[in-house]
Amino acid sequence: MAECSISPVCPFFNHEVSYSPELVTLAKARFCWADAAACARLRAARLIGPDRVPRHLLPFDADAYHALAARTGTATFLR
Ligand code: SF4
């Protein structure tokens, strides 16, 4: 499967936020290179634009994504 379409501008993907290397490696394998459609960051980017995604939103943080979607009034849910 192809790499996530917004990886060049994603702070998480480009190690611009401070998380353990192990966490980043696991998340990249699970989301960036396998199932970007399930990533909370990509879903948020589609809602509000890549530039407005909170820098520390984790790819697997569905709760934070839902809270963000609720604040924007958008009823879009992760599977
Ligand atoms: S963390 Fe999410 S938005 Fe960022 S590159 Fe990976 S799949 Fe794409």
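What you are looking at is a predicted structure, and each value in this text was computed from that prediction instead of being measured. (Residues numbered from 1 in each chain as written. Predicted model: local features only at pLDDT ≥ 70, side-chain atom pairs only at ≥ 80, totals over all residues.)

1. Looking at the overall build of the protein
Line of reasoning, step 1. Helices and strands together make up the secondary structure of the protein, namely three helices and zero strands.
Line of reasoning, step 2. Mapped in sequence order, the helices and strands of the protein form the string α-α-α.
Line of reasoning, step 3. Whereas a compact globule of 79 residues would reach a radius of gyration of roughly 12 Å, the protein reaches 12 Å, a difference of no more than 12%.
Line of reasoning, step 4. By principal-axis analysis of the C-alpha atoms, the protein measures approximately 35 × 25 × 20 Å.
Line of reasoning, step 5. By the burial criterion, 24% of the 79 residues in the protein qualify as buried.
Line of reasoning, step 6. Of the contacts made within the protein by residues no fewer than 6 positions apart, 52% connect residues no fewer than 24 positions apart. (Helix = DSSP H or I, 4+ residues; strand = E, 2+ residues; numbered from the N terminus. Rg over C-alpha atoms; globule rule 2.2 N^0.38 Å. Buried ≥ 20, exposed ≤ 12 C-beta atoms within 10 Å, placed from the backbone. Contact = placed C-beta atoms within 7 Å.)

2. Section: unusual backbone geometry
The bulk of non-glycine residues show a negative phi, and the bulk of peptide bonds are trans.
Line of reasoning, step 1. Of note in this structure, histidine 15 is not a glycine but carries a positive phi near 60°.
Line of reasoning, step 2. Summarising the element assignment, histidine 15 is placed in the segment before helix H1 (21–32).

3. With respect to the site of the ligand
Line of reasoning, step 1. Around the ligand lies a shell of 13 residues, among which Cys4, Cys10, Phe13, Cys32 and Cys39 are the nearest.
Line of reasoning, step 2. Split by residue class, the shell around the ligand holds eleven nonpolar, one polar and one charged. (Near = placed C-beta within 6 Å. Nonpolar A, V, L, I, M, F, W, Y, C, P; charged D, E, K, R; others polar.)

4. Regarding the nonpolar core
Line of reasoning, step 1. Cys4, Ala36, Cys39 and Ala44 are the most contacted members of the largest nonpolar core, which has 16 residues in total.
Line of reasoning, step 2. Elements represented by at least two residues in this core include exactly H1, helix H2 (40–48) and helix H3 (62–71).
Line of reasoning, step 3. Ignoring any residue separated from it by four or fewer positions in sequence, one finds cysteine 39 in contact with Cys4, Phe31 and Pro59. (Core = buried A, V, L, I, M, F, W, Y, C linked by C-beta atoms within 7 Å.)

5. Section: the environment of threonine 72
Line of reasoning, step 1. Relative to the helices and strands, threonine 72 resides in the segment after H3.
Line of reasoning, step 2. In the structure, threonine 72 is positioned 47 residues away from threonine 25 in sequence and 30 Å away in space, judged by C-alpha atoms.
Line of reasoning, step 3. Sequence-distant contacts of threonine 72, defined by excluding residues within four places in its chain, comprise Leu47 and Ile48.

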